[in-house]
Amino acid sequence: MAPGPAMPLPKAALSTYRLQFNKDFRFSDATRLLDYFSQLGITDLYASPILVSRKGSGHGYDVTDPTRIDPEIGSEEDFETLQNELVKRGMGLLLDIVPNHMAASSENRWWMDVLENGPDSAFASYFDIDWHPPSRDLAGKVLLPVLGRPFGEALDHGELHLTFHEGKFFVRYLESIFPIASESYHQVLSHGSEILESQLGKDAPAFQEFSGILAGLAALAQRAHTVSATEGRPKLDAMRDRLRLLASDRREISAFIESSLGEFNGRSGDPASFTLLEHLLSEQHYLLSYWLDPNQGINYRRFFAISDLVGVRVEDPIVFEAMHDQIFRLISKGAKQGLRIGLRVDHIDGLRDPSGYLTRLQECLRDTKPTDAPRAYVVVEKILARREPLP
């Protein structure tokens, strides 16, 4: 059915219909239903979070990349089509945003960089982490309560594995992976390297390239405490790329790496065989622990007690901009087409300074608004405790 003439745009949402976007309900699905919603008397579609979340997420509150629209629910062009069709029908859009937390997931490149580089990460200040907790064992580390049993038992049962993929080393536990610090690469690759030398010969081009990579990694490890992770990243990426190419081109190199991984990963039933891996893990910027003891010194703010949702320091202007730049861009683009857009802020009382956050948000929305375009409005979620009055 073709849309009828657009009704005059109300100044505020009069009635909303919430849509839960995920891989099974995309922007294109919503666009096809707009006539139905309009006939119901809906003035605004209320959309669940639309930025990149965990693959397969059914809700979108486990954001992994706030700088892009989630490809599982559609492209930016699909979203623009939805906006344009709303304008044609005189309807508005209410977007759910999640400024309080992100998924502590391997799909979150900011989080993975923090686990790899610790306090030196360019994103260390993005998350609410106490890098100097009372426990000396956690100085410069993040406690990760992810294990299904105490660390020693998980180690001795062979549940932790050192892996190699595309030039990078990770520790795998079930479906989770954790990056290995750049300082540890030399430790892994130098283990047993004399065997590789005897196999290939000291002057062989493949061994010369391997030796050059080792020397470069050793230099990076020595400078780790004097050079920031951001400065050292290009050189580390270059070393990883060289290692990836060498391992893919020469079977002897890939076989050597697999053999080294076997040495680190030990043998089930032989506790002494896990010494190398235990030592390697002790040098990382995170500490894997039993999930039933998460409060024994956990040093990052979570969403309630959900350990895989880490608090974001949105009170920092740099973090605020990184978390909202894409949303502001989408709002500005829609407003130019005459679309009234609202923002629904998820879990605002989880923020350090809710009032300050709203002030900054309103200022940015005012600055984002094109001339003569409707200004975005803001509503918030507030969870009330028993006998707590609503401010």
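What you see is a predicted model, and the numbers here were worked out from it, not measured in a lab.

Visitor: Before we move on, can you summarise the overall build of the protein with the specific residues and values?
Guide: Along its length, the protein carries 13 helices and 15 strands. With the C-alpha coordinates aligned to their principal axes, the bounding extent of the protein is approximately 80 × 50 × 40 Å. Burial analysis of the protein (391 residues in total) assigns 49% to the buried set. Long-range contacts, defined here as pairs at least 24 residues apart, represent 71% of the contacts in the protein between residues at least 6 apart. Total accessible area on the protein stands at roughly 19200 Å², and carbon and sulfur atoms take up 53% of it.

Visitor: Hey, could you go over the packing of aromatic side chains for me, with residue numbers and the actual values?
Guide: Two descriptors summarise a pair of aromatic rings, namely the distance from one centre to the other and the angle between the planes of the rings. The full count for this structure, using the stated rule, is 18 aromatic pairs. Plain terms: the ring middles of Phe320 and Phe328 are 6.2 Å apart, the flat faces sit at 45 degrees to each other, and that makes the pair tilted. Here the aromatic cluster, defined as three or more aromatic residues joined through ring pairs, consists of Phe21, Phe25, Phe27 and Phe79. Taking the ring centre of Tyr46 as reference, the NZ or CZ of Arg18 above it sits at 5.3 Å. One Lys or Arg, Arg360, reaches over the ring of Phe320 and ends 5.5 Å from the middle of that ring.

Visitor: Requested: an account of the pairing of strand β10 (residues 176–179), with residues and values cited.
Guide: Bridge count between strand β9 (residues 168–173) and β10: four bridges; the pairing is antiparallel. Bridge pairing links Tyr173 to Ser176 in β10. Linking two consecutive strands that pair antiparallel, namely β9 and β10, is a turn of two residues; a positive phi of about 50 degrees is found at Leu174 within it.

Visitor: Account for the pattern of salt bridges, naming residues and giving values.
Guide: Taken as a whole and assessed by the stated rule, the structure comprises 32 salt bridges. Of the charged contacts, one joins Arg54 and Asp308 as a salt bridge, the two residues approaching to 3.4 Å between their closest N and O atoms. Here Asp308 lies in strand β13 (residues 306–311) and Arg54 lies in the loop between β3 (51–53) and β4 (63–69), a separation of 254 residues in the sequence. Across the pair Arg89 and Glu85 runs a salt bridge whose closest N-O atoms are separated by 2.8 Å. For the pair formed by Arg89 and Glu85, the shared burial category is buried. Connected through shared salt-bridge partners, Asp113, Glu116, Arg233, Asp237 and Arg240 make up one network.

Visitor: Would you mind going over a nonpolar patch on the surface in detail, with residue names and values included?
Guide: A surface patch of nonpolar side chains, amounting to about 370 Å² of accessible area, comprises Tyr17, Leu33, Tyr36 and Leu40. Tyr36 sits in the partly exposed class, given a relative accessible area of 46%.

Visitor: Residue-level account of the sheet that holds β9, with values.
Guide: The strand order β8-β9-β10 describes an open sheet built from three strands, whose pairing is antiparallel. Both edges of this open sheet fall to β8 (160–165) and β10, since each of them pairs with a single strand only. Taking each pair of neighbouring strands and ignoring which way they run, the sheet shows an average axis angle of 35 degrees.

Visitor: Kindly report on the environment of Phe37, identifying the contributing residues and their values.
Guide: With respect to the helices, strands and loops of the structure, Phe37 is situated in helix α2 (residues 34–40). For Phe37 and Met91, which are 54 residues apart along the polypeptide, the C-alpha to C-alpha distance reads 9.5 Å. Non-local contacts of Phe37, meaning those with residues more than four positions away in its chain, are made with Tyr17, Leu19, Ala30, Ile42, Leu45 and Met91.

Visitor: Give me the lowdown on the nonpolar core, citing residues and values where you can.
Guide: Of all hydrophobic cores here, the largest spans 62 residues; its most connected members are Phe127, Leu162 and Phe169. Apart from residues no more than four positions distant in its own chain, Phe127 is found in contact with Met102, Asn108, Trp110, Trp111, Val114, Val310, Gly311, Val312 and Arg313.

Visitor: So what's going on with the packing of helix α7 (residues 193–200) against helix α8 (residues 205–222)? Which residues, and what values?
Guide: With their axes 9 Å apart at the nearest point, α7 and α8 run at an angle of 155 degrees to one another. By the angle class used here, α7 and α8 are roughly antiparallel. Packed against α7, whose contacting residues are Ser193, Leu196, Glu197 and Leu200, the element α8 presents Ala206, Phe207, Phe210 and Leu214 at the interface. The class makeup of the residues in the contact of α7 with α8 is six nonpolar, one polar and one charged.

Visitor: An account of the sheet that holds strand β12 (residues 302–303) is needed here, citing residue identities and associated values.
Guide: Sheet strands associate in pairs through backbone hydrogen bonding, adopting either a parallel or an antiparallel arrangement. Taken in spatial order, the three strands line up as β6-β13-β12 in an open sheet, and their pairing is antiparallel. The strands lining the two open edges of the sheet, one partner per strand, are β6 (101–103) and β12. Pairing of β6 with β13 involves three bridges; the strand directions are antiparallel. The partner of Met102 across the bridge, within β13, is Val310.

Each value, and the rule that gives it
Residues numbered from 1 in each chain as written. Predicted model: local features only at pLDDT ≥ 70, side-chain atom pairs only at ≥ 80, totals over all residues. Heavy atoms only, no water. Helix = DSSP H or I, 4+ residues; strand = E, 2+ residues; numbered from the N terminus. Buried < 20%, exposed > 50% of the residue type's maximum accessible area, 1.4 Å probe, protein only. Contact = heavy atoms within 4.5 Å. Areas by Shrake-Rupley, 256 points an atom, 1.4 Å probe, with all protein chains shown as cover. Phe/Tyr/Trp six-rings, centres within 6.5 Å; stacked < 30°, edge-to-face > 60°. Lys NZ or Arg CZ within 6 Å of the ring centre and 35° of its normal. Pairing = 2+ DSSP bridges. Salt bridge = Lys/Arg side-chain N within 4 Å of Asp/Glu carboxyl O. Patch = residues over 30% accessible without salt bridge, like charges linked within 9 Å, V, L, I, M, F, W, Y side chains within 5 Å. Axes fitted to C-alpha atoms, helices over the stretch in contact; angles between N-to-C directions. Core = buried A, V, L, I, M, F, W, Y, C linked by side-chain atoms within 4.5 Å. Parallel < 35°, antiparallel > 145°, perpendicular 65-115°, else oblique. Nonpolar A, V, L, I, M, F, W, Y, C, P; charged D, E, K, R; others polar.

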